[in-house]
Amino acid sequence: MKTFEEKWTAWVDGQLSGRELLEFEASLPDKAAAEAEKAGARKLGELLKRELSARTLTNEEFFSHQLREKIARLREAPARQAREARSTWWTIPRLLWTGALSLAVFLVFTVLVMREKNPAEESQYLTQILNARVDPVVSPNATVSIFEVKQDRVTVLWTEGLQSLPADYAAK
Amino acid sequence: MGRSPAFLISFIALTIGATHALQGAETVWSGLVIAENVAQPQPMPPELTRIEGSLKKFFGYNQFEVIGQSQKTLKTGQEDWLATSKFFGLHVDARGETEAGYVLNLKLYKEKELLLETDTKLSKRSPLVIKGPQVGGGQLLLVLVVQ
């Protein structure tokens, strides 16, 4: 069974007929006011139909619209590509610079490490005096010192106060 | 195992062994040198030319004459030898070989009297000079070089 609202909508749209129409109109408390409301609703409907319906494009307008869209797409494509290319950080020049910078850092560290390592290696390859003794009876005031001449990598055991000998001792 | 791999392994082993043997066999030159200042200095002995600058600068003499010397090829690093002049004797006793050189015990004798004794690690790249007693107007030096 239809509700009053459904019957009202159908009546406004002119879809009630026969006995159903007569019964509904008889049930209206103020038929004149209802007729006025029906006329207003119809006017409003016609106005909305007229104003809100999509305007049909003519052929010329349609092709012009298509062309404008295509041109806009074509213009946008290189710009998008440029944006994408710009947004990539690892460009070839930057890669080259990064490689060169890494190499420079590596060389700096290598030089520093080698400099620190060299003194130890040098001392390892210099002759070392482990100990030295002078006969205290023969040379009681003798002393010994050790020098390293790094230029020629020569190690010198320097004695002082050994007993001096006459020139005859230089014989072969 | 096939013949080729066995031959290759033998070849490599022999090569490594020969290389090691060649590296191990080194000659130590030991000399008794009189350093003096003279008007007409003699040319520097060839064994000392490598350290000529250091000798002249350090000791202040212009002539270096070898009065006794010895050349010893070390094979085991345990050899001993003697370099002598008329009055001096330098006894060298090798007591082992390290990566850097040889451990040596050195004794300087004046005739039969021990003047000086020292233990040293003689490097293959670094000569050793010992200042001995003054002899006349000059100086006795003991020099050891791995050649």
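The model shown is predicted, which means the values in this text are computed figures rather than measured ones.

Draft legend 1. Representation of the sheet that holds strand E1 (residues 26-36) of chain B. In spatial order, the strands read E2(A)-E3(A)-E7(B)-E8(B)-E1(B)-E2(B); together these six strands make up an open sheet with mixed pairing. Bordering the open sheet on either side are strand E2 (143-149) of chain A together with strand E2 (63-74) of chain B, each of which pairs with just one other strand. Pairwise comparison of adjacent strand axes, ignoring direction, gives a mean angle of 20° for this sheet. With six bridges joining them, strand E7 (residues 128-135) of chain B and strand E8 (residues 138-146) of chain B adopt antiparallel strand pairing. Opposite Val129 of chain B, over in E8 of chain B, you have Val143 of chain B as the bridge partner. The sheet strands contacting helix H2 (residues 52-59) of chain B are E2 and strand E3 (154-160) of chain A together with E2, E7 and E8 of chain B, and the helix crosses E3 of chain A at an angle near 25°.

Draft legend 2. The pairing of E8 of chain B, seen in detail. All names here are of chain B. Within E8, nine of the nine residues are buried, leaving the element largely enclosed by the surrounding structure. Where burial is concerned, the two faces of E8 agree: the one with Gly138, Leu140, Leu142, Leu144 and Val146 and the one with Gln139, Leu141, Val143 and Val145 are both buried. Note that E1 and E8 share eight bridges and pair antiparallel. For Ile34, the partnering residue across the bridge sits in E8 and is Leu140. Here E7 folds back onto E8, and the loop between the two strands holds two residues, one of which, Gly136, carries a positive phi near 60°.

About the cut-offs
Residue numbering note: each chain is counted from 1, following its sequence as written. By the order in which they are written, chains take letters starting at A while ligands take numbers starting at 1. With the structure being a predicted model, the display of local features is reserved for residues of pLDDT at least 70 and the display and counting of side-chain atom pairs for 80 or more, all residues being used for whole-chain, interface and lining totals. Water and hydrogen atoms play no part in the side-chain values, which are based on all heavy atoms of the structure. In this description, strands pair whenever DSSP reports at least two bridges between them. Helix and strand assignments come from DSSP, with helices taken as H or I runs of at least 4 residues and strands as E runs of at least 2, each series counted from the N terminus. Helix axes use the C-alpha atoms of the stretch in contact, all axes being lines fitted to C-alpha atoms, and the angles between their N-to-C directions lie in the range 0 to 180 degrees. Whether two residues touch is decided by their heavy atoms; if any such pair falls within 4.5 Å, the residues are in contact. Accessibility here uses a 1.4 Å probe with only protein chains present; expressed as a share of the type maximum, an area under 20% marks a residue as buried, one over 50% as exposed, and anything in between as partly exposed.

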